[in-house]
Amino acid sequence: MTQVLIIDDHPIVLEGTKKLLKFAGVKGILGSQTLAEGFRLYRAKKPDVIIVDLAMRTGALGGLSFIRRLRLHDRRTPILVFSMHNDPFIVSRALKIGANGYILKDTPSEEILKAFDRVKEGLPYLGHDIASEVAFLEAKGSASNPLRAISVRELQILSLIAEGKPYSEIAEELHVSYKTVANTCGQLKAKLGVKSLSELMRIAIEHLPSRSGTSSKSYRD
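Residues numbered from 1 in each chain as written. Predicted model: local features only at pLDDT ≥ 70, side-chain atom pairs only at ≥ 80, totals over all residues. Heavy atoms only, no water.

Which residues make up the overall build of the chain, and what are the values?
When you go through the chain residue by residue, the secondary structure sums to 10 helices and 6 strands. Considering the chain as a whole, with its 221 residues, one finds that 53% of them fall into the buried category. Long-range contacts, defined here as pairs at least 24 residues apart, represent 68% of the contacts in the chain between residues at least 6 apart. Element-wise, carbon and sulfur atoms account for 53% of the exposed surface of the chain, whose accessible area totals about 10300 Å². (Helix = DSSP H or I, 4+ residues; strand = E, 2+ residues; numbered from the N terminus. Buried < 20%, exposed > 50% of the residue type's maximum accessible area, 1.4 Å probe, protein only. Contact = heavy atoms within 4.5 Å. Areas by Shrake-Rupley, 256 points an atom, 1.4 Å probe, with all protein chains shown as cover.)

Can you lay out the nonpolar core for me, pointing to particular residues and giving the numbers?
Side chains that are nonpolar tend, in soluble globular proteins, to be buried together. I50, V52, F66, I67 and Y102 are the most contacted members of the largest nonpolar core, which totals 48 residues. When residues of this core are assigned to their parent elements, the largest contribution, 6 residues, is made by helix α7 (residues 152–161). Within the second largest apolar cluster, 18 residues are counted, among which are V26, L113, A115 and F116. (Core = buried A, V, L, I, M, F, W, Y, C linked by side-chain atoms within 4.5 Å.)

Which residues make up the packing of helix α9 (residues 178–192) against helix α10 (residues 197–207), and what are the values?
The geometry of α9 relative to α10 is characterised by a closest axis approach of 10 Å and an angle of 70 degrees between their N-to-C directions. What the angle tells us is that α9 and α10 run roughly perpendicular. The residues of α10 that touch α9, namely those facing C185, L188, K189 and L192, are L197, L200 and I203. Tallied by class, residues from the contact of α9 with α10 come to 6 nonpolar, no polar and 1 charged. (Axes fitted to C-alpha atoms, helices over the stretch in contact; angles between N-to-C directions. Parallel < 35°, antiparallel > 145°, perpendicular 65-115°, else oblique. Nonpolar A, V, L, I, M, F, W, Y, C, P; charged D, E, K, R; others polar.)

With reference to specific residues and values, describe the pairing of strand β2 (residues 28–32).
Among the 5 residues in β2, 4 count as buried, and that is most of the element. Relative to β2, strand β1 (residues 3–7) runs parallel, the two being bridged by 5 bridges. Looking across to β2, one finds that Q3 is bridged to G28. In this region the chain leaves β1, passes through helix α1 (residues 11–23) and returns to the parallel neighbour β2; the handedness of that crossover is right-handed. (Pairing = 2+ DSSP bridges. Right-handed = clockwise from strand over helix to strand, strands pointing away.)

Before we move on, could you go through the UniProt feature "modified residue: 4-aspartylphosphate" (unreviewed entry) in the chain and cite the residues and values that matter?
In this numbering, the UniProt entry assigns the feature "modified residue: 4-aspartylphosphate" (unreviewed entry) to D53. Judged by its relative accessible area of 0%, D53 is buried. (UniProt positions renumbered as here; feature names shortened; annotations may be inferred.)

Take a look at the structure:
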């Protein structure tokens, strides 16, 4: 029996995905509304497939940290990202750190099930509506995006800076110290060739997708 773990803190999305999979004949379905709880369920139950959202209520892209951490323990369990983020840079980053598939939340149910079946069999899957954009981005080698060299943690912090959040609030949401946030922003300025926080915010707003209404909670990395 296939066991699936779905991680999404939006109750309607979580329940809707459960119902869709049950209708398709999947029996063992676990659900979590936080990434931390999802990781505990993964460790305890060892599901055959994981479906995870990327964006948190904080907008911190914590799902990327979840994928990266899980891949430190497990290179084989298939991961399907189910997200509102359609920015090809974010999609490409998720795939590079270990996701097997990526589909958007407005994808028709038939394609969601197709993606699930492909990923379950160990095959990659990329939603039709984003595949061409990701291919184009890869063909350019991401050269036009200055964020290509930053880490997942830096990307999370940058996404919160784009929302205009102060260091203290970013530290609280990501469960790190104020000093960690300040040091990371210093590293980001050096990598991106800027000197001020306002310049850093401008780059973040220009190159990161705007915060969607997707929900998830921050995750202790």
